[in-house]
Amino acid sequence: MPSLLDYISIFGHAIAAALFGALAIWQFQRKVERTDKHIWLIVAITLTSFWALAIAVEGYLSPISRFAETLRNFGWLAFMFTLLRAGEGRDEPKTVNIIYAALAFVLIGQMLVDSLIPAFGGSPRLEGVALYTSLVMRMIFAVGALVLVHNLYSISAPETRWGIRLPTASLAAIWTFDLNLYTITYLTQQNPVELYAMRGAMIAVIAPILAMASLRNTEWNLKLSRSVAFRSLSLFAIGSYLVMMIVIATALQIIGGDYARLAQISFLFGTTIGALLLLPSGRFRAWLKVTLAKNFFQHRYDYRSEWIRFTDTIGRPGADSEPFHERVIKAIADITDSPAGILLVPDESGQLVLQSRWNWSTIEVPAPASTVRTAAFFESTGHIIEYDTLRAGQDDKSNATAIPDWMQADPQIWAAVPLVHFDRLAGLMLLARPRINRTLDWEDLDMLRVVGRQVASYLAEYRSQESLSEVQRFDEFNRRMAFIMHDIKNLVSQLSLLAGNAKRHADNPEFQADMIDTLQDSAQKMNGLLQRLSQHNKAHPEEPKPFKIADLIRSTIEKKQLLHDVESQRIDDLTVLADPARVEQILGHLIQNAIDASPEDKAITINARRRDLCVAIDVSDQGTGMSSEFIRSQLFKPFTSTKQGGFGIGAYEARALAQAMNGRLEVESKEGEGSRFTLILPLAKHLSDEILADERAA
């Protein structure tokens, strides 16, 4: 008749099988990307359900149960391996791959040995050797698996550890139980039925933890940031734990009786629950880090990994990253495991004000946040303040008048790190008290001084970039204003000429009609200038499009006839690829410059003809002309002009507009004979293709 332990074992493993089966189905039906990590997670959960079901049906000593346990271990080993290989950052060391391969080999050997146990049933000696070998292999795998679980957690970057904390703690609990179970079996030379019976209940508790981990992190991404010292230490710690288990189990065996069984079960569950509670605890990990640093390492910090982490935090790109000043706080706070911090920066008057805060919404910061002596004190001394020491009256370097009262009154303020750049205070960092309270030693102070100077340079560079951006905005505004002022000057010149001609031709009806058209055109251009001046103007030039250049040139000549004698000898009817508004603006600049340079009795000539796959528009005058030296060194230089009251913008803007349309501007001039400006624009594509086809045919 089955005993109470048998019922506990059957129902415990049945519940575990049901929970892991449901978890596998849920994971399979989730609408997430099917990566290798997700696939192997489903496989591992499914194999765990199969293992628990096999024990519930066949018992824990049956061949199918042993085989199912090996498959379960293989599934979780493969999941950890794919999680490690998919990690971002650095490649895992070859020694870790060797451990994975060795454990896979152990599992294969374990399956072979387990398959031989039934065959040796007729030989007690061979059967005992096979059972002993299988037991040792299970112990070896449990030790190696725990090493790999710790390695997987310790090599991950701090910002991604929260995502794998629960699954690694769950796997550690599974294999810690197995290690205790098989160690006790090895030492007592008998199967601890109580532990085997409670195994199903323990595994059933793991299923909700894995489900919770899946809800918190659907991807379980890993960023690698490993430390060889901690990995080797984990191997030493697990080995020490195994020796301790042997000693305790031997002592319990000597005691004997029912008390031994009770002590074994109590010790096993105590260590398992302790691991589940302590491993995810940030306070415990902070205490462990401080203890290990004090007793196992010559230096508190792994400077290489700290510097990589620091620079990655400061320079993390992407729109989803924290603002720059919050990253600055986090970069320094992570060094001392401070959970929060604030950044104070000097304002125009030199008083410190709150710039940003990280994880510290409760602290109240007055405005201003410093005394009149604070900035000068930190600039001259660079002193890092530990407020516990200051409050105890043991800080001889601090100036009481330089430390604001509100900083000393808040018990959560732990340290102040000045950020000094070239003897100027760029900011002051206040750090919250870490989870494990401790004092700052010489290594902490050296590290904080170095990163403080580095952060100060980043802050100074950030301010310089902001100032440069502001100067560039002013420069862009001034450049736009210069162009607009030049256009206004051209309009004023046109209206002045129009007013002068109106005195002579005011009675001519044709002149009156042309004058009205010119005034309307000038008013339209002035409205366009007002729009360009507006800070809300978001208009952009149109993209080049095909249009007839002859129509635009004739329209421009008609508008300018009232101002000066403009004639044409040849205007080919060609289709160009350009922006009509820009072309009209360029011709307006060139014609106005020609009018300014020409006597009243000398006509200006505009011609347009094809040149290869382009159209060349000539604007010629018979004015004063220019020297070759002036054309080469000054003509297209902005704000340089030979005309009285000129802005020196027309030729510069005309060339820039032509280049924006894949065109160019050519100049020929001789002093005393006049100048010719030639605007070169590309022909429309279909016309260019026809010309090329005709040339090939010829």
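Residues numbered from 1 in each chain as written. Predicted model: local features only at pLDDT ≥ 70, side-chain atom pairs only at ≥ 80, totals over all residues. Heavy atoms only, no water.

*Asks:* Is there a simple way to explain a nonpolar patch on the surface in this structure?
*Replies:* Taken together, the side chains of Tyr 7, Ile 10, Phe 11, Ile 15 and Leu 19 define a hydrophobic patch exposed on the protein surface, amounting to about 470 Å² of accessible area. By the secondary structure assignment, Leu 19 is in helix 1 (residues 4-29). (Patch = residues over 30% accessible without salt bridge, like charges linked within 9 Å, V, L, I, M, F, W, Y side chains within 5 Å. Areas by Shrake-Rupley, 256 points an atom, 1.4 Å probe, with all protein chains shown as cover. Salt bridge = Lys/Arg side-chain N within 4 Å of Asp/Glu carboxyl O. Helix = DSSP H or I, 4+ residues; strand = E, 2+ residues; numbered from the N terminus.)

*Asks:* How should I be thinking about the packing of helix 1 against helix 2 (residues 36-58) in this particular structure?
*Replies:* Helix-helix packing: each pair is described by the crossing angle between the helix axes and the interaxial distance. Taken N-terminus to C-terminus, the directions of helix 1 and helix 2 make an angle of 160 degrees; their axes are 8 Å apart at the nearest point. Taken together, the axes of helix 1 and helix 2 are roughly antiparallel relative to one another. The two elements helix 1 and helix 2 meet at a crossing, and its hand is left-handed. Across the interface between the two elements, Ser 9, Ile 10, His 13, Ala 14, Ala 16, Ala 17, Phe 20, Gly 21, Leu 23, Ala 24, Gln 27 and Phe 28 from helix 1 touch His 38, Leu 41, Ile 42, Ile 45, Thr 46, Thr 48, Ser 49, Trp 51, Ala 52, Leu 53, Ile 55 and Ala 56 from helix 2. (Axes fitted to C-alpha atoms, helices over the stretch in contact; angles between N-to-C directions. Parallel < 35°, antiparallel > 145°, perpendicular 65-115°, else oblique. Left-handed = near helix turned anticlockwise from the far one by under 90°. Contact = heavy atoms within 4.5 Å.)

*Asks:* What's the story with the packing of aromatic side chains in this structure? I'm lost.
*Replies:* The geometry of an aromatic ring pair comes down to the distance between the two centres and the angle between the two planes. If you walk through the whole model with that rule in mind, you get eleven aromatic pairs. Seen from their ring centres, Tyr 7 and Phe 11 are 6.4 Å apart, and the 25 degrees between their planes marks the pair as stacked. Residue Tyr 7 and its partner Phe 11 are both found in helix 1; the two are separated by four residues, about one turn of the helix. On the basis of relative accessibility, which here comes to 52%, the residue Phe 11 falls in the exposed class. Look at Phe 324 and Tyr 462: their rings are 4.7 Å apart centre to centre, the planes differ by 10 degrees, and that puts the pair in the stacked class. Remark: Tyr 462 occurs in helix 16 (residues 442-505) and Phe 324 occurs in helix 12 (residues 324-333); sequence separation between them is 138 residues. (Phe/Tyr/Trp six-rings, centres within 6.5 Å; stacked < 30°, edge-to-face > 60°. Buried < 20%, exposed > 50% of the residue type's maximum accessible area, 1.4 Å probe, protein only.)

*Asks:* I would appreciate a short explanation of the confidence of the model for the chain in the present structure.
*Replies:* In regions of low pLDDT, the predicted coordinates are not meant to be interpreted in detail. Per-residue confidence for the chain averages 78 on the pLDDT scale, and 76% of its residues sit at or above 70. Segment residues 223-233 is flagged for pLDDT under 50; beyond a separation of four residues in sequence, or across chains, it makes 37 contacts in the model. Every residue in residues 535-539 is under pLDDT 50, and counting partners more than four places away or in other chains gives two contacts. (pLDDT = per-residue confidence, 0-100.)

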